[in-house]
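Residue strings, one per chain:
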Amino acid sequence: QSLLKGLYNNQFKKIPGNNTIEQFFTILDCRVPFFIHLFFHQLMQHPKGGRGDFSLTVLEDVFWKFLLGKRCKSHFDHYKDRLSRYEKERQNSAELILKKMTGNKDFAVKRTDLWNYIKEKLGNRINDLTFNDIMGDLEVEWYVTLENPEAPLSEQQYIFQVPLLARWWKRFYPALEE
C-alpha cells in the first residue's frame, strides 16, 4: 500500500483514498512491487487514469487492455523464457502444467489431477520423480505453490502464486486442446 500511496502522491500531490487502494489491489491481485509499479505506470498512460481517475471502470479497463494486453506482453515474456533453461522435455512438461492450471477458474489443480493429466499427455516420457522435480522447479521459480503439503495426496493442490501471471499465461498461452 505504501508504494501505491507514494506513487500516487508523487504524481498527484495527494494521497489516494482507501477505496481506491482497495480496488487497485483487488484487481491487481498481488503485492509484488514490480507489478504495482507497472500497473500504476499503465494507469498514467490512460486518458482518465493520467488525471487521477482510478475508478473501478478505469482500473479494469487498464488492467485488461493495457497490463494484460499486447502493450505489456514484453514485461512478462521473461517468465516464459525462464522455462527455456530447462531441458526441452521438462520445458514442454512445465508449459503443459501451467496451461492446465490456468484452465481452472481459481488457477488451482489438485496434485493428483495434475499428475494424471501430465501422465496422460506424456505417457512413459515422464515418471513421478520427474513430475515432482518439475513441480519443485516451478515452485522455486515462483510460478506455483503447493497448498496443504501435509495433507493426504488426494487433498493437496497446486495454485499459482501470483494470479496476475496465471492471467497472463491464460491470455497469451491458452491450452487450445484438452
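Residues numbered from 1 in each chain as written. Predicted model: local features only at pLDDT ≥ 70, side-chain atom pairs only at ≥ 80, totals over all residues. Heavy atoms only, no water.

Q: Would you take a moment to explain helix α7 (residues 111–122) for this structure?
A: Think of an α-helix as turning once every 3.6 residues; residues three or four places apart then point the same way. In this model α7 runs 16 Å from its N-terminal to its C-terminal C-alpha over 12 residues, within 8% of the 16 Å that 1.5 Å per residue would give. The complete set of buried residues in α7 reads R111, L114, Y117, I118 and L122. For α7, the buried positions fall inside an angular range of 130 degrees around the axis, keeping them on one side. Count one or two residues on from α7 and you reach G123, which has phi positive near 60 degrees. (Helix = DSSP H or I, 4+ residues; strand = E, 2+ residues; numbered from the N terminus. Expected span 1.5 Å × (residues − 1). Buried < 20%, exposed > 50% of the residue type's maximum accessible area, 1.4 Å probe, protein only. Arc of directions from axis to C-beta.)

Q: Got a minute to help me understand the nonpolar core in this structure?
A: Within soluble globular proteins, side chains that are nonpolar generally end up buried alongside one another. Within the largest apolar cluster, 57 residues are counted, with the highest numbers of intra-cluster contacts made by L28, F39, F76 and L138. The element that contributes the greatest number of residues to this core is helix α3 (residues 33–45), accounting for 7 residues. (Core = buried A, V, L, I, M, F, W, Y, C linked by side-chain atoms within 4.5 Å.)

Q: How should I be thinking about the pairing of strand β2 (residues 144–147) in this particular structure?
A: Along any regular strand, the residues point their side chains to alternate faces of the sheet. Here β2 shows a clear split, with V144 and L146 buried on one side and none of T145 and E147 buried on the other. Bridge count for β2 against strand β3 (residues 157–160) is 4 bridges, and the pairing is antiparallel. Counterpart to T145 in the pairing with β3 is I159. (Pairing = 2+ DSSP bridges.)

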